[in-house]
Amino acid sequence: VEASIPQQLREAWRKLAACEFQGKEQFQREVVRHVETTLARSMYNCDDAAAYAGTALALRDKLVIGWNKTQQNQTLQDQKRVYYLSLEFLMGRALDNAMLNTQVKDVARDGIAELGFRIEDVINQEHDAALGNGGLGRLAACFLDGLATLNYPGWGYGLRYRYGIFKQEIVDGYQVEVPDYWLDFNPWEFPRPDVAVDVMFYGYVKKDTDSDGKTIIVWEGGEIVQAIAYDVPVPGFDTSTTNNLRLWSSKPASGEFDFQKFNSGDYEGSIRDQQRAETISAVLYPNDNISAGKELRLKQQYFWVAASLHDIVRRFKKTHRPWSQFPDQVAIQLNDTHPTLAIVELQRILIDVEHIPWDQAWEIVTATFGYTNHTVLPEALEKWSVPLMQHLLPRHLQIIYDINLFFLQKVERMFPKDREMLTRVSIIEESQPQVLRMAYLAIIGSHKVNGVAELHSDLIKATIFKDFVAIYGPDKFANVTNGITPRRWLHQANPKLSDLIASKLGGYEFLKELSQLERLRPFIDDKEFRREWMEIKLSNKIRLAKYIRDTTGISVNPHALFDIQVKRIHEYKRQQMNIFGVIDRYLNLKAMTSEERKKVVPRASIFGGKAAPGYWMAKTIIRLINAVGEVVNKDKDIGDLLKVVFIEDYNVSKAELIIPASDISEHISTAGTEASGTSNMKFVLNGGLIIGTCDGANIEITREIGDENIFLLGNLAEDVEDLRHRHRYGQVEMDPKLRAVCDEIEKGTFGDPSVYEGLISSLTTGCDYYLVSDDFSSYLTTQDLVDEAYRDKDGWATKCINSVASMGFFSADRCINEYADMIWNVEPLVPVK
Ligand code: CR6
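For every chain, the first residue of the written sequence is number 1, and numbering continues from 1 along that sequence. Given that this is a predicted model, residues contribute local features only at a pLDDT of at least 70 and side-chain atom pairs are listed and counted only at 80 or more, while totals for whole chains, interfaces and linings are drawn from all residues.

Participant: Can you help me understand helix 33 (residues 793-805) in this one?
Facilitator: Side chains three or four residues apart in an α-helix point the same way, a direct result of the helix having 3.6 residues per turn. Between its first and last C-alpha, helix 33 extends 19 Å over 13 residues, near the 18 Å set by a 1.5 Å rise per residue. All of the buried residues in helix 33 are Cys-800, Ile-801, Ser-803, Val-804 and Ala-805. For helix 33, the secondary structure elements touched by its buried residues are helix 22 (527-552), helix 27 (679-685), strand 23 (689-693) and helix 28 (698-705). Numbering of helices and strands starts at the N terminus; helices are DSSP runs of H or I of at least 4 residues and strands are runs of E of at least 2. Under the convention used throughout, the expected extent of a helix is 1.5 Å for every residue step, that is, one less than its residue count. Field definition: a residue is buried when 20 or more other C-beta atoms are found within 10 Å of its C-beta, exposed when 12 or fewer are, and partly exposed for counts in between, with C-beta atoms placed from the backbone. Residues are scored as being in contact if the C-beta atoms we place from backbone atoms lie within 7 Å.

Right under this line is the structure:
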């Protein structure tokens with residue numbers, strides 16, 4: 001408030017207020033100004049990179065003006081806000097999205113063309129913001145887009161990693177990780193050196209008395225690291241609302257940088273301390289669905305949570321409301337258990353700093369938080385060692401003990417005869433060493449817990465959280481099926497399809513109200529429409545084929561059936577089943593006469609995805625895919641009938657290129673293992689079909705689009721436990737076709753077979769935990785059905801168009817409205833003009 005301009009001067013300010021550029025000429029002026037002043041370049045020295053920088057800075061000026069207005073409006077309106085806490089925001093590129101959401105892309109395209117550049121080349125200069133691993137991080141990014149588009153006052157809070165997810169290179173068929181330093185030039189963030197929070201680690205807890213003689217608890221003597229805010233504007237589509245994503249960066253707290261050491265000549269020592277602080281936000285942990293339990297990761301979690309809560313509490317305190325109203329002003333969503341310490345931190349602030357009695361504080365805490373679970377995989381459920389927590393956050397551990405004590409007392413009163421219940425639901429697992437079950441803490445500290453697709457939400461209630469349903473009742477548990485933003489995943493990734501749809505529906509309203517896609521149905525028999533539709537698909541396939549040729553040298557026929565599986569490499573996602581199927585196809589082709597081969601539908605099997613650097617089995621799968629490609633792609637007998645491609649370094653911008661080009665995409669996880677999946681939705685929205693298991697959101701996609709439009713295969717989730725049991729007791733014969741595939745690998749057809757020993761033994765002595773053998777024959781026969789259906793070009797087009805018309809449900813906007821109604825209780829704000 002002290003920093004605000006006095007009343008009598010404000011009129012002068014208003015007159016001088018920065019304005020958004022209007023029209024082509026003003027846009028060009030801004031671009032040239034930035035190239036010449038901000039970048040200190042000129043027309044004699046302006047390459048694509050400089051043109052990108054100039055364009056991005058022009059757009060950023062536009063965004064920040066909208067951002068300022070939105071933030072002022074949100075402060076003024078003083079309504080409840082939602083804060084989405086996520087360790088990952090997989091934003092991808094910002095420029096194209098900013099132009100499309102603010103609806104200036106046409107102006108920019110023309111303007112930049114007159115200055116000598118193609119907008120596509122300019123867009124391609126941008127480095128992806130890759131602060132996430134996979135679906136969870138991209139979901140957070142889609143949610144930010146939905147929140148802004150629907151005018152909700154909603155902020156994201158995350159970490160500003162210096163290194164995002166590593167860049168993947170393929171060397172001799174193996175994945176090699178290269179660091180992703182992405183901050184060389186990032187016009188999309190605003191450093192806020194004035195928004196700094198001190199965060200403490202380690203130290204000790206002692207009892208003290210305050211001035212009134214009351215006992216208080218003090219946590220002190222620890223090491224302090226400073227969190228600096230970096231703000232990223234998030235523009236909504238066709239609205240002036242521009243929300244904020246606040247990312248924290250770590251640096252040594254003022255005074256902590258050791259000048260003593262520095263002055264006494266220990267320059268290295270002093271730098272080391274500085275680096276130790278900066279290490280906290282240095283790198284994203286590259287694990288998807290795996291928790292490694294490293295101290296630095298826990299430090300990241302607390303650092304981010306403490307800074308974010310401090311910020312949220314500070315904002316609340318400015319309104320001078322009583323604490324009891326905190327949950328009426330603030331909703332905090334925990335994206336998985338990564339931010340669970342926020343529950344403990346808020347309780348600590350309320351009892352230790354604000355001196356609110358425990359019960360009152362706890363009521364505020366639980367009314368504030370919601371927790372989203374994203375997995376049932378045991379290796380992904382976070383458990384922190386108690387000794388580590390004791391060392392790093394001693395006061396928080398005490399509070400967790402108290403939360404647990406009060407909770408267990410309640411459970412004991414409810415189930416007085418069930419002693420085992422207490423062991424089962426305790427936050428503390430009695431292992432060596434003891435560990436904290438973060439998901440349990442998240443449930444206990446939240447008012448709502450949700451899964452991310454119907455099957456998944458049912459499964460968590462029936463399995464991992466069953467006892468908690470008995471304790472809290474079923475109403476605490478909900479489902480919000482994931483969704484995707486149609487702005488990025490249709491309009492931006494597939495502009496031609498978006499334009500065709502708009503031409504039929506009379507405008508782009510469907511991008512805000514995706515269920516309007518239903519109105520495509522009357523055009524299903526329109527010959528010209530179908531022709532244009534399939535032509536767009538072909539042009540997207542040509543675009544991808546060109547990219548594949550340019551980057552790998554492999555030529556794929558754009559008329560082949562493009563069969564795509566792009567996602568993180570994980571045994572549960574079963575890329576191994578896909579590549580085994582490819583080998584089976586190859587063996588069949590080899591055994592055919594040339595007459596028989598003429599009837600075959602040519603196919604391009606396209607893979608992409610990163611393996612966690614420490615995930616040896618996933619890396620072996622990548623190696624096998626590349627080895628199979630080497631053999632098959634060189635085989636003159638086979639020619640165009642089968643091509644196998646591994647696209648290096650799958651990321652958001654590559655997804656935008658790949659997804660619109662698919663005929664069929666694979667979502668073939670072992671039933672019950674994929675919580676939702678979101679790329680399945682992206683593929684169908686882009687006019688591709690799915691081959692998939694009855695898992696995650698595939699089930700709801702089937703319900704929406706009809707089972708005649710999806711190729712389902714494999715065992716059901718309800719049978720998985722039984723099948724695994726039978727494998728453990730050696731009661732399952734390996735599928736004969738799978739046996740033949742394994743034999744071929746073991747013969748050395750795809751290079752040194754010892755490389756694949758582990759992969760093959762996982763199916764045999766390893767008891768085939770992911771049930772590849774059980775689903776293999778169903779997978780192969782379903783792939784045959786895919787070929788069959790693809791032969792009928794007209795029937796295929798009908799399936800694709802009908803499917804797209806039914807995809808309204810999977811908009812991220814629908815999810816955001818569900819969260820807002822059911823969990824956050826927040827309302828949209830009228831945006832400012
Ligand atoms: N790995 C699920 O596995 C889901 C996303 C987003 C995942 C995936 O099925 O679509 O979350 N889970 O809800 C975790 O990250 C823990 C994922 O992306």
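Participant: Looking at this structure, how should I read the sheet that holds strand 16 (residues 435-437)?
Facilitator: The strands making up a sheet associate through hydrogen bonds between their backbones, and the pairing can be parallel or antiparallel. Pairing between strands is defined by DSSP: at least two bridges between the two strands are required. Spatially, the three strands line up as an open sheet ordered 14-16-15, and their pairing is antiparallel. Across the chains shown, the open sheet's two edge strands, defined by having one partner strand only, are strand 14 (383-385) and strand 15 (428-429). Here strand 14 runs beside strand 16; their pairing, made up of three bridges, is antiparallel. Residue pairing for strand 16: Trp-384 is matched across the bridge by Leu-436.

Participant: How do you make sense of the packing of helix 23 (residues 575-591) against helix 30 (residues 736-747) when you look at a structure like this?
Facilitator: In a pair of packed helices, the angle between the axes and the distance between the axes together describe the arrangement. Angles here are taken between N-to-C directions and fall from 0 to 180 degrees, while the axes themselves are lines fitted to C-alpha atoms, restricted in helices to the stretch in contact. Put simply, helix 23 and helix 30 touch, their axes get as near as 9 Å, and they point 85° apart. Looking at the two axes, helix 23 sits roughly perpendicular to helix 30. For the pair helix 23 and helix 30, contact is made by Phe-580, Ile-583, Asp-584 and Leu-587 and by Lys-737, Leu-738, Ala-740, Val-741 and Glu-744, respectively. Looking at the contact of helix 23 with helix 30 residue by residue, the classes come out as six nonpolar, no polar and three charged. An angle below 35 degrees is read as roughly parallel, one above 145 as roughly antiparallel, one from 65 to 115 as roughly perpendicular, and any other as oblique. Amino acids are sorted into nonpolar (Ala, Val, Leu, Ile, Met, Phe, Trp, Tyr, Cys and Pro), charged (Asp, Glu, Lys and Arg) and polar (every other residue, Gly among them).

Participant: Where do I start with the domain arrangement of the chain in this structure?
Facilitator: By a widespread convention, an interface's size corresponds to the accessible area lost as its parts come together. Entries for the chain in the domain assignment read domain 1 (78-93 + 128-481), domain 2 (486-523) and domain 3 (526-717 + 775-801). Each side of the interface is counted separately: domain 1 has 35 residues, and domain 3 has 31 residues. Elements represented by at least two residues in the side of domain 1 that touches domain 3 include exactly strand 2 (89-92), helix 7 (135-149), strand 5 (167-171), strand 6 (174-178) and helix 18 (454-462). Of the residues assigned to the side of domain 1 that touches domain 3, the class counts are 13 nonpolar, 14 polar and eight charged. Per the annotation, domain bounds derive from an automatic or database assignment of domains.

Participant: Which parts of the structure should I look at to understand the environment of Glu-746?
Facilitator: Here Glu-746 shows up in helix 30. Taking the number of C-beta atoms within 10 Å as the measure of exposure, Glu-746 has 14 and is therefore partly exposed. For the pair Glu-746 and Tyr-204, spaced 542 residues apart in sequence, the C-alpha to C-alpha distance is 58 Å. Among all residues touching Glu-746, those that are not within four sequence positions of it are Pro-753 and Ile-760.

Participant: Would you mind showing me how to read the site of the ligand here?
Facilitator: We count a residue as near a molecule or strand when its backbone-placed C-beta atom lies within 6 Å of that partner. Taken together, 18 residues lie near the ligand, and Gly-135, Leu-136, His-374, Ala-675 and Ser-676 sit nearest. Residue classes in the shell around the ligand are distributed as five nonpolar, ten polar and three charged. When residues of the shell around the ligand are assigned to domains, at least three map to each of domain 1 (78-93 + 128-481) and domain 3 (526-717 + 775-801).

Participant: Any chance you could explain the environment of Glu-412 here in plain terms?
Facilitator: Positionally, Glu-412 belongs in helix 15 (residues 394-414). Under the C-beta neighbour-count criterion, Glu-412 is labelled partly exposed, with 14 such atoms within 10 Å.

Participant: What am I meant to see in the nonpolar core here?
Facilitator: If you look at soluble globular proteins, the nonpolar side chains tend to sit buried side by side. Nonpolar cores are identified as sets of buried Ala, Val, Leu, Ile, Met, Phe, Trp, Tyr and Cys residues joined via C-beta atoms within 7 Å. Residues Phe-303 and Val-628 are the most contacted members of the largest nonpolar core, which totals 228 residues. Excluding residues within four positions of it along the chain, Val-628 makes contact with Ile-579, Val-582, Ile-583, Val-644 and Phe-750.

Participant: Looking at this model, I keep getting lost on the pairing of strand 22 (residues 664-667). Mind explaining?
Facilitator: Within a regular strand, the side chains alternate between the two sheet faces. The alternating pattern of strand 22 places Ile-664 and Glu-666 and Ser-665 and His-667 on opposite faces, both of which are buried. One ladder, built from two bridges, connects strand 19 (residues 561-566) with strand 22; its direction is parallel. Bridge pairing in strand 22 places Asp-563 opposite Ile-664. Across four bridges, strand 22 lies against strand 23 in parallel orientation. Across the sheet, the residue bridging to Ile-664 is Leu-689, located in strand 23.

Participant: Mind showing me how you'd approach the sheet that holds strand 21 (residues 642-647) here?
Facilitator: Pairing in this open sheet of six strands is parallel, and the strands run 21-20-19-22-23-24 from one edge to the other. The open sheet is flanked by strand 21 and strand 24 (711-713), the only strands paired with a single partner. The sheet shows a mean angle of 20° between the axes of neighbouring strands, taken without regard to direction. Of the strands in this sheet, strand 22, strand 23 and strand 24 touch helix 28, which is tilted by about 135° from strand 23. Relative to the sheet, helix 32 (residues 772-791) contacts strand 19, strand 22, strand 23 and strand 24, its axis offset from that of strand 24 by approximately 170°.

Participant: In this structure, what is going on with the environment of Ala-478? I would like to understand it.
Facilitator: Relative to the helices and strands, Ala-478 resides in strand 18 (residues 477-479). It is 27 Å that separates the C-alpha atoms of Ala-478 and Arg-568, two residues lying 90 residues apart in sequence. If we ignore the near neighbours within four places in the chain, the residues touching Ala-478 are Lys-448, Asn-450, Ser-457 and Met-822.

Participant: Would you mind going over the packing of helix 2 (residues 23-38) against helix 3 (residues 48-77) with me for this structure?
Facilitator: At a minimum axis distance of 8 Å, the contact between helix 2 and helix 3 shows a crossing angle of 120°. By the criterion of interaxial angle, the relationship of helix 2 to helix 3 is oblique. The interaxial crossing formed by helix 2 with helix 3 has right-handed handedness. When helix 2 is examined against helix 3, the residues Phe-27, Glu-30, Val-31, His-34, Val-35 and Thr-38 are found in contact with a partner set consisting of Ala-50, Gly-54, Thr-55, Leu-57, Ala-58 and Asp-61. When its residues are assigned to classes, the contact of helix 2 with helix 3 shows six nonpolar, four polar and two charged. Crossings are sorted by hand: turned counterclockwise from the far helix by less than a right angle, the near helix makes the crossing left-handed, and turned clockwise it makes it right-handed.

Participant: Mind showing me how you'd approach the confidence of the model for the chain here?
Facilitator: In regions of low pLDDT, the predicted coordinates are not meant to be interpreted in detail. When pLDDT is averaged along the chain, the result is 97; 99% of the residues meet or exceed 70. Note on the complex model: pTM 0.98, ipTM 0.99. One number per residue, pLDDT, summarises how confident the predictor is, and it ranges from 0 to 100.

Participant: Explanation requested: the UniProt feature "modified residue: N6-(pyridoxal phosphate)lysine" (unreviewed entry) in the chain in the structure shown.
Facilitator: UniProt positions are given in the numbering used here, feature names are shortened, and annotations may be inferred rather than shown by experiment. Under the feature "modified residue: N6-(pyridoxal phosphate)lysine" (unreviewed entry), the UniProt entry names Lys-682. Inspection of the secondary structure puts Lys-682 in helix 27. Setting aside its immediate chain neighbours within four residues, Lys-682 contacts Ile-484, Trp-489 and Ile-659.

Participant: What is the right way to read the pairing of strand 5 from this model?
Facilitator: Here strand 5 runs beside strand 6; their pairing, made up of five bridges, is antiparallel. Its bridge partner being in strand 6, Ile-170 is matched across the sheet by Gln-175. Counted along the chain from strand 5 to the antiparallel partner strand 6, the turn is two residues long, and its residue Asp-172 has a positive phi close to 55°.

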